Amino acid sequence: MNDPDEDTGKKVSTDVVDGQQRLLTVALFIIGIKERLVKLSDKQQLPASSIFNDVSLKFISKLRIKNELSIQQLQRNSVLVKQQLASFDIKQLEALAYFILKHCSVVFIQLSDLSEAFQFFDSQNARGKALEPYDLLKAYHLREMLHEPDLVNNKLISQWEFYARNDGQLKEVFDNYLYRIRQWIKHKPARYFSNDDIELFKGINPDNETSPPYFAIYRLSHHFTDNYNSDRVRKNDQKQLDYPFTLNQVILNGRRFFNYVDHYIELLNFVINKPELQKYFHLINSYDGRTRKGDKYTKNLFQAILLFYVDKFGCHHLEQAGKVCFLWAYKMRLDRKSVQLATMDNYAVTNDSLFTVIDNSLCSKDVRNYLQVPLTMCNATKMGEIEEFFIENGVLLK
């Protein structure tokens, strides 16, 4: 929004840190009601409604939306609001307008420093009804991007919002993969990702000149990647260098955090669709007991360990490594009549866990030579071809 500065009188831009959705929703209803009242008054040849006479609506004209995704959603919601108001008569419209204007209030807190605004956002949303941890992380890392161009920020946030939709992958990837893998590597439990765990995804800003010595390798990688991609030679060779992320790395605050999340959403999709692994996914998606909750936990475990392997060793000997990961994950399922979330969690953090093996391995051969101690019997039911696969590979003795 553009408002005059109290001291200079010049127009300054005001950013809405928290409350954009509510502010825009109120604006859509006010505009919709006003347009509908004018239309009905003209149609019925009645005097114009006086409900808005003593109300200033200047704030609506000052709103400026830059994000393309927000603009599209705003246009869609505008249509929905007008459709809902189409059945209202003049009395109903005036009653709704009176309620909004006289009985609804907005708490307006203005801060001059954007960093303070994001800190205030974090502290306010830590009380009462808590936001999702992803919302708090978004606010935190946006605060670390004050020096970035608006074009960069808008692009990153648009991608984040795309993944955050109900049908997006943001929640799944954080809850089931990023959070759990980072914890399991440290032999720590990782059942539910909550606001208490967001420190796990806060690190150091790569532009911080006082960062400790261990961070030097991350800072060098950050600046080298940027310098390489911005070199004028890239206009000729059309090459781009990706930042060399690792799942258990120190988080780089700001832009790199959003890049980190994008990278692992894309890598998870890449791994799941690799042709060398489809035989295992066929087994997972075809046996009778696959829809049980415990079997879904087991599938999560399998995909998490695959993601960790590919993150460290790439696709080197992937089919063979995939077999090791599959046998290790589903051994947990065959060994038990039922699997709970705690079962998966405890299995992943044991000292001989495959997560520990991969974390300590220097080459993929160390993982591919992982010894699977055979089961003497299958305690699970409805395992179908998975049980047969275990017998064929000597991991279930019959």
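These numbers come from a predicted model, not from an experiment. (Residues numbered from 1 in each chain as written. Predicted model: local features only at pLDDT ≥ 70, side-chain atom pairs only at ≥ 80, totals over all residues. Heavy atoms only, no water.)

Looking at the packing of helix 11 (residues 255–272) against helix 13 (residues 293–313)
- The geometry of helix 11 relative to helix 13 is characterised by a closest axis approach of 10 Å and an angle of 105 degrees between their N-to-C directions. Taken together, the axes of helix 11 and helix 13 are roughly perpendicular relative to one another. When helix 11 is examined against helix 13, the residues Tyr-264, Leu-267, Leu-268, Val-271 and Ile-272 are found in contact with a partner set consisting of Gln-303, Leu-306, Leu-307, Val-310 and Asp-311.
- Partitioned by chemical class, the residues of the contact of helix 11 with helix 13 number eight nonpolar, one polar and one charged. (Axes fitted to C-alpha atoms, helices over the stretch in contact; angles between N-to-C directions. Helix = DSSP H or I, 4+ residues; strand = E, 2+ residues; numbered from the N terminus. Parallel < 35°, antiparallel > 145°, perpendicular 65-115°, else oblique. Contact = heavy atoms within 4.5 Å. Nonpolar A, V, L, I, M, F, W, Y, C, P; charged D, E, K, R; others polar.)

Observations concerning helix 18 (residues 385–392)
- Residues of helix 18 that are buried: Ile-386, Glu-387, Phe-389 and Phe-390. Burial along helix 18 is one-sided: seen end-on, the buried residues are contained in an arc of 160 degrees.
- Where helix 18 is buried, its residues contact helix 12 (278–284) and helix 14 (318–334).
- Gly-394 occupies a position one or two residues after helix 18 and carries a positive phi of about 70 degrees. (Buried < 20%, exposed > 50% of the residue type's maximum accessible area, 1.4 Å probe, protein only. Arc of directions from axis to C-beta.)

Points about the side chain of Ser-221
- With respect to the secondary-structure elements, Ser-221 resides in helix 9 (residues 216–230).
- Its relative accessible area of 19% is what places Ser-221 among the buried residues.
- Engagement of the side chain of Ser-221 in a polar contact is seen with the backbone oxygen of Ile-217, the distance being 2.9 Å.
- Discounting chain neighbours no more than four positions away, the residues touching Ser-221 are Tyr-243 and Pro-244. (Polar contact = N/O pair within 3.5 Å; in protein donor to acceptor, adjacent residues only side chain to side chain.)

Overview of the packing of aromatic side chains
- Scanning the entire structure with this criterion turns up 30 aromatic pairs.
- Ring geometry for Trp-160 against Phe-257: centres 5.8 Å apart, planes inclined by 45 degrees, an arrangement best described as tilted. In this pair, Trp-160 sits in helix 7 (residues 150–164) while Phe-257 sits in helix 11, placing the two residues 97 residues apart along the sequence. Of the two residues examined, Trp-160 and Phe-257, each falls in the buried class. (Phe/Tyr/Trp six-rings, centres within 6.5 Å; stacked < 30°, edge-to-face > 60°.)

Here's the deal with the nonpolar core
- Formed by 89 residues in total, the largest nonpolar core has its most connected members in Phe-174, Phe-201 and Phe-326.
- Once you skip the residues sitting within four places of it in the chain, Phe-326 turns out to touch Tyr-280, Leu-283, Ile-284, Phe-302, Ile-386, Phe-389 and Phe-390.
- Within the second largest apolar cluster, 12 residues are counted, among which are Leu-28, Leu-40, Val-81 and Leu-85. (Core = buried A, V, L, I, M, F, W, Y, C linked by side-chain atoms within 4.5 Å.)

Examining the packing of helix 6 (residues 133–143) against helix 7
- Relative orientation of the contacting elements helix 6 and helix 7 amounts to 175 degrees, with a least axis distance of 12 Å. Taken together, the axes of helix 6 and helix 7 lie roughly antiparallel to each other. Together, Tyr-134, Lys-138 and Leu-142 of helix 6 and Ile-157, Trp-160 and Glu-161 of helix 7 make up the contact between the two elements.
- Within the contact of helix 6 with helix 7, the residues separate by chemical class into four nonpolar, no polar and two charged.

Re helix 6
- The buried fraction of helix 6 amounts to 10 of the 11 residues, a majority that puts the element mostly inside the structure.
- Within the sequence span of helix 6, burial applies to Pro-133, Tyr-134, Leu-136, Leu-137, Lys-138, Ala-139, Tyr-140, His-141, Leu-142 and Arg-143.

A closer look at unusual backbone geometry
- Positive phi, close to 60 degrees, is recorded for His-187, a residue that is not glycine.
- Structurally, the position occupied by His-187 is in the loop between helix 8 (170–185) and helix 9.
- A positive phi angle, near 60 degrees, is found at Lys-382, a position not held by glycine.
- Structurally, Lys-382 can be placed in the loop between helix 17 (364–368) and helix 18.

Some remarks on the pattern of salt bridges
- In this structure the tally under the stated criterion is 13 salt bridges.
- Among the salt bridges present, the one from Glu-199 reaches Lys-202, with a minimum N-O distance of 3.4 Å.
- A residue is classified by how much of its surface remains accessible, and Glu-199, at 54% relative accessible area, is exposed.
- Between Asp-226 and Arg-255 there is a salt bridge; the shortest N-O distance is 2.7 Å. Of this pair, Asp-226 sits in helix 9 while Arg-255 sits in helix 11, and the two are 29 residues apart along the sequence.
- Here the salt bridges share partners, and the residues they tie into one network are Asp-226, Arg-255 and Arg-256. (Salt bridge = Lys/Arg side-chain N within 4 Å of Asp/Glu carboxyl O.)

Considering the confidence of the model for the protein
- In this model, the protein carries a mean pLDDT of 87, and residues with pLDDT of at least 70 account for 87%.
- Mean pLDDT across the secondary structure elements of the protein bottoms out at strand 1 (residues 2–4), with 54, and peaks at helix 13, with 97. (pLDDT = per-residue confidence, 0-100.)

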